[in-house]
Amino acid sequence: MAEIIIVRDEEEAGRLYATCVAKLIRRKPDAVLGLATGSSPLAAYRALAGEIGKDGLDVSRVRGFALDEYIGLPLDHPESYHSTIHRTVVGPLGLDPALVHVPGDALDGAPLSDEALVAPAGAAYDAAIEAAGGIDVQILGIGTDGHVGFNEPGSSLASGTRVKTLAEQTRLDNARFFDDDVDKVPTHCITQGIGTIMKARHLVLLAFGAGKAEAIEETVEGGVSSFCPASALQLHPHATVIVDEAAASRL
Ligand code: GLP
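Calculation criteria
In this convention, every chain numbers its residues from 1, walking through the sequence in written order. Totals for whole chains, interfaces and linings use all residues, but because this is a predicted model, local features are given only for residues with pLDDT of at least 70 and pairs of side-chain atoms are given and counted only at 80 or more. Heavy atoms throughout the structure, all of them, feed into the side-chain values; hydrogens and water do not. Every axis in this analysis is a line fitted to C-alpha atoms, fitted for helices over the stretch in contact. Angles between the N-to-C directions lie between 0 and 180 degrees. By definition, any uninterrupted DSSP run of H or I lasting at least four residues is a helix, any uninterrupted run of E lasting at least two residues is a strand, and each is numbered from the N terminus. Any angle that is under 35 degrees is reported as roughly parallel, and any over 145 degrees as roughly antiparallel; angles of 65 to 115 degrees are reported as roughly perpendicular and all others as oblique. Here, residues are in contact when the closest pair of their heavy atoms is within 4.5 Å. Residues are grouped as follows: Ala, Val, Leu, Ile, Met, Phe, Trp, Tyr, Cys and Pro are nonpolar; Asp, Glu, Lys and Arg are charged; all remaining types, including Gly, are polar. Whether a residue is buried, partly exposed or exposed follows from its accessible area with a 1.4 Å probe, protein chains only, as a fraction of its type maximum: under 20%, in between, or over 50%, in that order. Lining residues are those with an atom within 4 Å of a point, where the points come from a 1 Å grid over the protein atoms alone and group into cavities, where a 1.4 Å probe fits but cannot get out, or pockets, open sets with protein on both sides within 12 Å along at least five of seven lines. Grid points are joined across faces, edges and corners, and a volume is the space filled by probe spheres set on the points. Multiplying 1.5 Å by the residue count of a helix minus one yields the expected span of that helix. At any given residue, the bend is defined as the angle formed between two axes, one fitted to the seven residues that end at that position and one fitted to the seven that begin there. Pairing between strands requires that DSSP locate at least two bridges from one strand to the other. Neighbouring residues are identified by heavy atoms, a residue being near a molecule or strand if any of them is within 4 Å of it. Any pair of N or O atoms that falls within 3.5 Å is considered a polar contact. Within protein, one atom must be able to donate a hydrogen and the other to accept it, and sequence-neighbouring residues count only if both atoms are side-chain atoms. Methods summary: accessible areas were calculated by the Shrake-Rupley approach with a probe of 1.4 Å, and residue burial reflects only the protein chains presented. For a cavity or pocket, the test is whether more than half of a molecule's atoms lie within 2 Å of its grid points; if they do, the molecule sits there.

(A) Expanded view of the packing of helix 2 (residues 42-51) against helix 3 (residues 81-93). Across the interface, helix 2 lies against helix 3 with an axial gap of 9 Å and an inter-helix angle of 10°. One way to sum up the angle between helix 2 and helix 3 is to call them roughly parallel. Along the contact surface, helix 2 presents Leu 42, Tyr 45, Leu 48 and Ala 49, while helix 3 presents Thr 88, Val 89, Pro 92 and Leu 93. Residues that form the contact of helix 2 with helix 3 fall into these classes: seven nonpolar, one polar and no charged.

Here it is as structure tokens:
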């Protein structure tokens, strides 16, 4: 692994991310940020929001690509990743919504059975990232089973953006956003592939709390294997893993 940084808390991790991204945007005002949902990146977005305006930091031309989306939720569903990214990142940072993309944007609640819409969406998303010149900094959380984006254990490490079935563990983990009712959690998703994620020039993976300790151990010290999709980061030339003491406790 390129770098492992152990921090006191999420705020300290957030400041590290914000410093790095602010520097990037000053150098490249139309930087391409890879965005993620989940609780892990929230302090990082808050810290970056706090940098805006300092020394003239202007994010009006910053572009964004999110990692993943549920299949079958309308864009305006409060738990769609479209809504989540716009609520937690685009709004607070004041990004131009037209410059921020989420993989399911073209689907807007279309069911899995709508093949004409669903089938081409993954390749079209990868083409859009490529046309933007690739992602400069991709922020990542990690699932308790080692998934990144929605690349569940067993995902090909060379995969592009595509439709996937959600693991039962992930649906259970995410039921808290759906009235604690696992039956309300969609069964499928569209996610950037590990191959897509690996093309980003800098990966920043954030993990906090003892619940992530095992996944972090596998990611950092396990063999590179599709059974822990995050372990692919070991092969990336510029991957930074930022963890608190609890998430680092098995290293
Ligand atoms: C979801 C997302 C992942 C995220 C993971 C962990 O499954 N698809 O991108 O990393 O949850 O979320 P959290 O950061 O809330 O622990």
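(B) Inspection of unusual backbone geometry at higher detail. Despite not being glycine, Asp 179 shows a phi value in the positive range, around 55°. You can see Asp 179 is positioned in the loop between helix 5 (168-174) and strand 8 (188-191). For Asp 179, a relative accessible area of 61% translates into the label exposed. Even without being glycine, Asp 180 reaches a positive phi, approximately 55°.

(C) Spatial organisation of the layout of surface pockets. The volume enclosed by the largest pocket comes to roughly 640 Å³. Forming the boundary of the largest pocket are 30 residues, of which Thr 37, Gly 38, Ser 39, Asn 174 and Arg 176 lie nearest the centre. For the lining of the largest pocket, the elements supplying multiple residues, two or more each, are strand 4 (68-70), helix 3 and helix 5. Looking at the lining of the largest pocket element by element, the count peaks at four residues for helix 3. Its volume calculated, the second largest pocket comes out at about 250 Å³. Forming the boundary of the second largest pocket are Thr 19, Cys 20, Lys 23, Leu 24, Arg 27, Lys 28, Asp 136, Val 137, Arg 201, His 202 and His 238. Looking at the lining of the second largest pocket element by element, the count peaks at five residues for helix 1 (residues 10-27).

(D) Broad picture of helix 4 (residues 115-131). Along its 17 residues, helix 4 runs 24 Å from first to last C-alpha, staying within 8% of the 24 Å computed at 1.5 Å per residue. Roughly 40° is the biggest bend found in helix 4, and it falls at Ala 121. For helix 4, the set of buried residues is Val 118, Ala 121, Gly 122, Tyr 125, Asp 126 and Ile 129. Looking at the packing, one finds that the buried side of helix 4 touches strand 3 (63-66), strand 5 (100-101), strand 7 (162-165), strand 8 and helix 6 (194-198). Trailing helix 4 by a residue or two, Gly 133 shows a phi angle of about 95°, which is positive.

(E) Fine view of the sheet that holds strand 3. With parallel pairing, seven strands are arranged side by side in an open sheet as 1-10-9-6-2-3-5. Pairing within the sheet leaves two strands with one partner each, and these edge strands are strand 1 (3-7) and strand 5. In the sheet, strand 9 (residues 202-207) pairs with strand 10 (residues 239-244) via five bridges, with the strands oriented parallel. If you follow Leu 206 over to strand 10, its bridge partner there is Ile 242.

(F) View of the environment of Cys 189. Tracing the backbone through its elements, the reader meets Cys 189 in strand 8. A sequence separation of 86 residues divides Cys 189 from Pro 103, and the C-alpha atoms of the two residues are 9.4 Å apart. Other than its neighbours up to four places away in sequence, Cys 189 contacts Glu 69, Tyr 70, Ile 71, Phe 150, Arg 162, Val 163, Lys 164 and Leu 166.

(G) The site of the ligand, seen in detail. In the vicinity of the ligand, 14 residues are found, and the nearest of them are Ser 39, Ser 40, Asp 68, His 147 and Lys 212. Here an oxygen atom of the ligand sits 3.3 Å away from a polar atom, N or O, in the main chain of Ile 142. For the ligand, an oxygen atom lies 3.5 Å from a polar atom in the side chain of Arg 176. Its free accessible area being 390 Å², the ligand has 92% of it covered by the protein chains. Here the ligand is seated within the largest pocket. Among the residues making up the shell around the ligand, the classes are represented as three nonpolar, eight polar and three charged.

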